[in-house]
Amino acid sequence: MNYKSANKAADNIRILSAAMVEKANSGHPGGAMGGADFINILFSEFLNYDPNDRNWAFRDRFFLDPGHMSPMLYSQLALTGTFNLDDLKNFRQWGSVTPGHPERDTSRGIENTSGPLGQGHTMAVGAAIAERFLVARFGEWMAHKTYTFISDGGVQEEISQGSGRIAGHLGLSNLIMFYDSNDIQLSTDTNVVTSEDTAKKYEAWNWHVVTIDGNNAEEIRQAIKNAQLETDKPSLIIGKTIMGKGAITESGESFERKCATHGQPLGNAGASFAKTIENLGGNSENPFVIFPEVEELYKDAHATKLAYVKEHNATQAKWEKENPELAKKLTSFLNGEVPNIDYSAIVQKENNATRNASATVLGELAKNVDNMIVASADLANSDKTDGFLKNTTELKKGDFSGKFLQAGVAELTLAAICNGIVAHGGLIAACGTFFVFSDYMKPAVRMSALMELPVKYIWTHDAFRVGEDGPTHQPVEQEAQIRLMEELHNHSGNPSLLALRPADVHEGTVAWQMAMENTKTPTALILSRQNIVDLPVTSGTKYESALKAKKGAYVVQDVQNPDIILVANGSEVATLVDGAKILREEKGLKIKIVSIISEGLFRTQSKEYQNEVLPISIPTLGLTAGLPSTLRGAVGPLGKSIGLSHFGHSAPYNVLDEKFGYTPQNVVNQVEQYLKEL
């Protein structure tokens, strides 16, 4: 490609980006104009994809971190044909396919939803891990690169510490990151907020680092070529770019390198939109144009890419013929098929902690699910993800034959990496930590929900019964926060997350079964540290009884015309069972007990089933170890929810149970008081 055509294409991206923001009267033109040179060279000369099928499994991936630079990405993708000019004209408008920040749409070339800075390039680390995992099992013939684009904000967000460290430690040489270093932030120059040496920081993390003129096509081209040749380290290309490149005022003076162009239309910032478009070679009266020479450039680029795809497909066909069993396995991975596990055959130790029940299931999954990565934030022996690790090995630099990722103490990074693993395709990802540290992970959990990625979150130490560790480690409000995600619906119209807090080890088995069968949304498994007495069963096996949890809630103990319904999830269900025994024997009350592992799932059942399990006409008392609001929806308008309205304290968990009222006798007291209040 010659310099003239490359620069013309980059200017075309600048014009379209500026025009999108100007027309919408909203957006971020400056960064898009500065980054146009890199993204054009990448897409036209290096990024391998199938122009006829953007979901092609063996494509290179491009993850955008600064989602506010969406005009750049949309404009670039318009040059490749997945967006049309009308799409660009409708930027940020109701019902358009070009929202203010990109939302995952792989058929159009968008690999990740981006917006919260730092997560995009961390997802890219996950995708690079997924690629190395698959190559380790099926061969280098399927190797591909993961590219990502970050800005100053992505570098500054704390998540970059974890993703940079992990990528360097694992030697992800298939990861190439461009840092759009234009020295301008949204509200200030970059030197006002930082003086760090970014290159040295990434070099310390074992990255290959080079600094270039980020608006020079040849320097970009050479930097990518060198990065592609790297076999030991991930690569960081620091591109010194010009914010608002090409922007001028009405009088023709340069309006480049201005903070004002970061977050508002050029005309509002002080530049002349019309003069800028003309300066870049466009027509200000009709800026939404793809230049003929740029169309020709991408026509030629696509011919080259199609030839690459054809050659790759031939290599794949030869490999499949020589390796029919492996080919069958790869197809099952890529199709997202869930392995057939006989969960009924899993033997759980009676009256055990649900974190231990999870470990037992994870051991079976490790043996039977070949495309699953489990990870932990330095807590494998406490969150019991070591049940998986004991049956595999850790991912290591140069050796991705294992299936366990030791992420270190980096919960948010870990969650975002798992999003990237799943977004890549072909793999299942689960990650564990203490439930109280879900607070660190929520930004990435929200992205899992928004992108509809079925990441499995394993959260143990589910309540104040962490005990001696004290209030910093004792979750109280966390369950209520996570269950709000069950109320929040995704763009497909479904609850955005499935939250499961099993009431005993058998519900623990079923909870994992539900998590593995849930391929549409993320799942949260909220598990106990302490042992829980198994729930009573009137017929069938304990596993068969626990299968009723697949409807979100079910009746544990029933009676005709109950005086009161007691409802809970997790370990509180067993407390209700013990309290109900006293109420029946000493007070003559008729008690119905309901286990509600997921109210969000329960509310998707038929109205008939909901009314059968929790009829609103019968007094209902809920018991939760979290905020009372956790069960207010379940107990209904006549009901009462009992929980904690304060932080925990440091003491043995059985002492806390007594002090906080989580005893069978207090269940009796609360029921008597509640019935008096009616």
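As shown above, the structure is provided for reference.
Reference entry: report on the structure contained in this document. Note that the structure is predicted; figures quoted are calculated from it, not measured.

The rules behind these values
Residues numbered from 1 in each chain as written. Predicted model: local features only at pLDDT ≥ 70, side-chain atom pairs only at ≥ 80, totals over all residues. Heavy atoms only, no water. Helix = DSSP H or I, 4+ residues; strand = E, 2+ residues; numbered from the N terminus. Rg over C-alpha atoms; globule rule 2.2 N^0.38 Å. Buried < 20%, exposed > 50% of the residue type's maximum accessible area, 1.4 Å probe, protein only. 1 Å grid on protein atoms, 1.4 Å probe; cavity = no way out; pocket = protein on both sides within 12 Å on 5 of 7 lines; lining within 4 Å. Points joined across faces, edges and corners; volume = space filled by probe spheres on them. Nonpolar A, V, L, I, M, F, W, Y, C, P; charged D, E, K, R; others polar. Axes fitted to C-alpha atoms, helices over the stretch in contact; angles between N-to-C directions. Parallel < 35°, antiparallel > 145°, perpendicular 65-115°, else oblique. Left-handed = near helix turned anticlockwise from the far one by under 90°. Contact = heavy atoms within 4.5 Å. Salt bridge = Lys/Arg side-chain N within 4 Å of Asp/Glu carboxyl O. Core = buried A, V, L, I, M, F, W, Y, C linked by side-chain atoms within 4.5 Å. Pairing = 2+ DSSP bridges. Polar contact = N/O pair within 3.5 Å; in protein donor to acceptor, adjacent residues only side chain to side chain. Phe/Tyr/Trp six-rings, centres within 6.5 Å; stacked < 30°, edge-to-face > 60°. Lys NZ or Arg CZ within 6 Å of the ring centre and 35° of its normal. Right-handed = clockwise from strand over helix to strand, strands pointing away.

## Considerations on the overall build of the protein
A tally of regular secondary structure across the protein gives 26 helices and 16 strands. For the protein, the C-alpha radius of gyration of 28 Å lies close to 26 Å, the compact-globule estimate for 678 residues. Considered along the principal axes of its C-alpha atoms, the protein spans approximately 90 × 60 × 45 Å. Burial status across the protein gives 61% buried among its 678 residues.

## Remarks on empty space enclosed by the protein
Throughout the structure, instances matching the rule amount to 3 cavities of 30 Å³ or more. What the largest cavity holds in volume is close to 90 Å³. In terms of lining, the largest cavity is formed by Phe43, Leu47, Tyr49, Arg54, Arg59, Asp60, Arg61, Phe62, Leu77, Gly109 and Glu111. Classifying every residue of the lining of the largest cavity gives 5 nonpolar, 1 polar and 5 charged. Of the volumes computed, that of the second largest cavity is approximately 50 Å³. Along the walls of the second largest cavity sit Leu576, Leu621, Leu623, Ile642, Gly661, Asn666, Val667 and Gln670, which together make up its complete lining. Secondary-structure elements contributing two or more residues to the lining of the second largest cavity are strand E15 (620-623) and helix H26 (664-677).

## So, the packing of helix H5 (residues 119-138) against helix H7 (residues 159-170)
Between H5 and H7, the least distance of the axes is 9 Å, while the angle of their chain directions is 20°. Here H5 is positioned roughly parallel relative to H7, judged by the angle of their axes. At the point where H5 passes H7, the crossing takes the left-handed sense. Along the contact surface, H5 presents Gln119, His121, Thr122, Val125 and Ile129, while H7 presents Ile159, Ser160, Ser163, Ala167 and Leu170. Classifying every residue of the contact of H5 with H7 gives 5 nonpolar, 5 polar and no charged.

## Section: the pattern of salt bridges
Oppositely charged side chains can form a pair if their charged atoms are brought close together. With the rule as written, the count across this model stands at 30 salt bridges. A salt bridge links Lys318 to Glu322, with the nearest nitrogen and oxygen atoms 2.8 Å apart. Of this pair, Lys318 and Glu322 are both found in helix H12 (residues 292-322), 4 residues apart, which corresponds to roughly one turn of the helix. Residue classification places Lys318 among the exposed positions, given a relative accessible area of 54%. Among the salt bridges present, the one from Asp462 reaches Arg501, with a minimum N-O distance of 2.8 Å. Of this pair, Asp462 sits in the loop between strand E9 (456-460) and helix H18 (478-487) while Arg501 sits in the loop between strand E10 (498-500) and helix H19 (505-517), and the two are 39 residues apart along the sequence.

## Section: the layout of surface pockets
By volume, the largest pocket is sized at about 1000 Å³. If you trace the largest pocket, you find 44 residues lining it, with Arg104, Val422, Ala423, Glu452 and Leu453 closest to the centre. Contributing elements (two or more residues each) for the lining of the largest pocket: helix H13 (324-334), helix H16 (411-424), strand E8 (428-434) and helix H17 (438-451). Top element by residues in the lining of the largest pocket is H16. It accounts for 3 residues. Grouping the constituent residues of the lining of the largest pocket by class yields 21 nonpolar, 13 polar and 10 charged.

## Here we look at unusual backbone geometry
The phi torsion of most residues other than glycine is negative, and most of the peptide bonds are trans. A positive phi angle, near 75°, is found at Asn206, a position not held by glycine. Note that Asn206 resides in the loop between helix H8 (198-204) and strand E4 (208-213). The backbone phi angle of Asp378 is positive, close to 60°, even though this residue is not glycine. Of note, Asp378 is situated in the loop between strand E6 (372-376) and helix H15 (386-389). The class for Asp378 is exposed, based on a relative accessible area of 51%.

## Overview of the nonpolar core
Counting residues in hydrophobic clusters, the biggest one holds 77 residues, and the most contacted among them are Leu365, Met372, Trp512, Leu566 and Leu614. Apart from residues no more than four positions distant in its own chain, Trp512 is found in contact with Tyr343, Ser358, Val361, Leu362, Leu365, Met372, Ala430, Lys456, Ile458 and Leu525.

## Some points on the sheet that holds E8
Judged by pairing direction, the sheet is parallel, and its 6 strands sit side by side in the order E7-E6-E8-E9-E11-E10 without closing on themselves. Here the strands that pair on one side only, and so sit at the sheet edges, are strand E7 (404-406) and E10. Direction aside, the axes of adjacent strands within the sheet are offset by 20° on average. Judged from the 5 bridges that link them, E6 and E8 form a sheet pairing that is parallel. Bridging across to E8, Ser376 finds its partner in Gly432.

## Some remarks on the side chain of Thr122
Following the sequence through the fold, Thr122 ends up in helix H5. Polar side-chain contacts of Thr122 include one of 3.5 Å to the side chain of Ser163. Once residues lying within four places of it in the same chain are set aside, the contact partners of Thr122 are Ile159, Ser163, Thr413, Ala416 and Ile417.

## Quick look at the sheet that holds strand E5 (residues 235-240)
Ordered by their spatial adjacency, 5 strands build an open sheet running E1-E2-E3-E5-E4, and the pairing between neighbours is parallel. The open sheet has two edge strands, strand E1 (61-64) and E4, and neither has a second partner. The mean inter-strand angle of the sheet, taken between neighbouring strand axes irrespective of direction, is 20°. Both E4 and E5 contribute to a ladder of 6 bridges, which runs parallel. Counterpart to Thr211 in the pairing with E5 is Ile238.

## Points about the packing of aromatic side chains
Enumeration according to the criterion identifies 22 aromatic pairs in this entry. Members of the aromatic cluster, joined through ring pairs, are Trp56, Phe58, Phe138, Trp141, Tyr308, Trp319 and Phe333. For Arg108, the ring lying beneath its charged end belongs to Phe83, and the centroid distance is 5.2 Å. In this arrangement the basic side chain of Arg137 is found over the ring face of Phe133, its NZ or CZ atom lying 3.5 Å from the centre.

## Here we look at the pairing of strand E14 (residues 591-595)
Every other side chain in a regular strand lies on the same face of the sheet, so the side chains alternate between the two faces. Most of E14 sits inside the fold, with 5 of its 5 residues counted as buried. The alternating pattern of E14 places Ile591, Ile593 and Ser595 on one face and Lys592 and Val594 on the opposite face, and all of these are buried. Across 3 bridges, the pairing between strand E12 (residues 554-557) and E14 is antiparallel. What sits directly across from Val555, in E14, is Val594. Bridging between strand E13 (residues 564-568) and E14 involves 5 bridges; their strand directions are parallel. Its bridge partner lying in E14, Leu566 is registered against Ile593. With respect to chirality, the unit in which E13 leads through helix H21 (residues 572-587) into the neighbouring parallel E14 is right-handed.

Purely geometric numbers; function is a separate question.
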